Amino acid sequence: MEHRGTHRIETERLLLRKYKVTDAEDMFLNWASSTAVTRFLTWEPYTRTADVRAYIKSRIDAYQDKTCYDWVIEWKENHQAIGSISVVNLWDDGQTAEIGYCLGEAYWHKGIMTEALKAVIRYLFVDVGVNRIQALHDVRNVCSGKVMEKSGLKYESTIQKPSPKGPDMVNVDVRAMLKKDYE
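Conventions used here
- Residues numbered from 1 in each chain as written.
- Predicted model: local features only at pLDDT ≥ 70, side-chain atom pairs only at ≥ 80, totals over all residues.
- Heavy atoms only, no water.
- Helix = DSSP H or I, 4+ residues; strand = E, 2+ residues; numbered from the N terminus.
- Rg over C-alpha atoms; globule rule 2.2 N^0.38 Å.
- Buried < 20%, exposed > 50% of the residue type's maximum accessible area, 1.4 Å probe, protein only.
- Areas by Shrake-Rupley, 256 points an atom, 1.4 Å probe, with all protein chains shown as cover.
- Axes fitted to C-alpha atoms, helices over the stretch in contact; angles between N-to-C directions.
- Parallel < 35°, antiparallel > 145°, perpendicular 65-115°, else oblique.
- Left-handed = near helix turned anticlockwise from the far one by under 90°.
- Contact = heavy atoms within 4.5 Å.
- Nonpolar A, V, L, I, M, F, W, Y, C, P; charged D, E, K, R; others polar.
- Core = buried A, V, L, I, M, F, W, Y, C linked by side-chain atoms within 4.5 Å.
- Pairing = 2+ DSSP bridges.

### Brief notes about the overall build of the protein chain
Across its full length, the protein chain carries six helices and eight strands. Overall, the protein chain shows an N-to-C arrangement of helices and strands of β-β-α-α-α-β-β-β-α-β-α-β-β-α. At 16 Å, the protein chain has a C-alpha radius of gyration in line with the 16 Å of a compact globule built from 183 residues. Once the C-alpha set of the protein chain is aligned to its principal axes, its extents read approximately 40 × 40 × 30 Å. Across the 183 residues in the protein chain, those meeting the buried criterion constitute 45%. Carbon together with sulfur atoms contributes 47% to the accessible area of the protein chain, which is approximately 9,600 Å² in total.

Here is the structure:
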C-alpha cells in the first residue's frame, strides 16, 4: 500500500474533501445532532456546536498522518456538508481498510451514500492499493446494508459485538470486497 491520506474526490453530485472549521454548523445541523442518524453509530448525538468544532479541529490535525482517510461529504447543489465517510480501521499487514459513514436524514434515499462509498472504494483500491475493503452494519440498519451491496461489498458473515451504546450484544453484518473482484 502507498498511503496518500485524504485527497479530494469529486463525483457527479458530491465533493468528498477534508473538513474545514467552517463545516461545524452544517455538521451539527445536518447529521451530528440527529438521534436518527446516530442511532446505530458508536457515538451519541452532539448537543453543542462548540463540541462539533473541537471534533473537526481534531480531524484537521489528523490529516498530517498519511494513514488518515476522513472526508466530509459536500452536496454540490447547495455546497453544504451533509455527511462523512472515513476509514475507521486500517490494517497494513492485511492491506485492509474498514469504512464507516453517516449522512444527514434529509439526504437519505437519494443514492448519495452509495455514490460516496463507490468513490472511496475506487480511491482505496486504485490509488492507495489496499487489497480488501470491509464495512459493518447493525442488522437492524437495513438501509446501510443496501448501500454496501449497491457499492459491491458482498455479505461475509453476521457476528455479535458489544453494543457501543449499552451492555447488550448486537448482531452486525460484515460485508467486504477484494481488489481482484473490483478490477
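Next comes the rest of the account.
### A short note on the packing of helix H1 (residues 24-32) against helix H3 (residues 49-62)
Contact geometry for H1 and H3: axes closest at 9 Å, N-to-C directions at 110°. The angle between H1 and H3 falls in the class roughly perpendicular. The element H1 and its partner H3 pack so that their crossing is right-handed. Contacts between H1 and H3 pair Ala 24, Glu 25, Met 27, Phe 28 and Ala 32 from the former with Thr 49, Val 52, Arg 53, Tyr 55 and Ile 56 from the latter. Here the contact of H1 with H3 is built from residues that sort into seven nonpolar, one polar and two charged.

### A word on the nonpolar core
What tends to happen in soluble globular proteins is that the nonpolar side chains get buried as a cluster. Counting 33 residues, the largest nonpolar core has Leu 16, Ile 85, Ile 99, Leu 117 and Leu 124 as the members making the most contacts within it. The element contributing the most residues to this core is helix H4 (residues 112-128), with 11 residues. Once you skip the residues sitting within four places of it in the chain, Ile 85 turns out to touch Tyr 69, Asp 70, Trp 71, Ile 73, Ile 99, Gly 100, Tyr 101, Met 113, Ala 116, Leu 117 and Val 120. Core analysis: the next-biggest nonpolar cluster, separate from the first, contains 16 residues, Trp 31, Ile 56, Tyr 63 and Cys 68 among them.

### Here we look at the pairing of strand E7 (residues 154-162)
In regular strands, side chains alternate between the two faces of the sheet. Note that E7 and strand E8 (residues 169-178) share eight bridges and pair antiparallel. When the sheet's bridge partners are listed, Ser 157 is paired in E8 with Val 174. Joining the antiparallel neighbours E7 and E8 is a turn of six residues.

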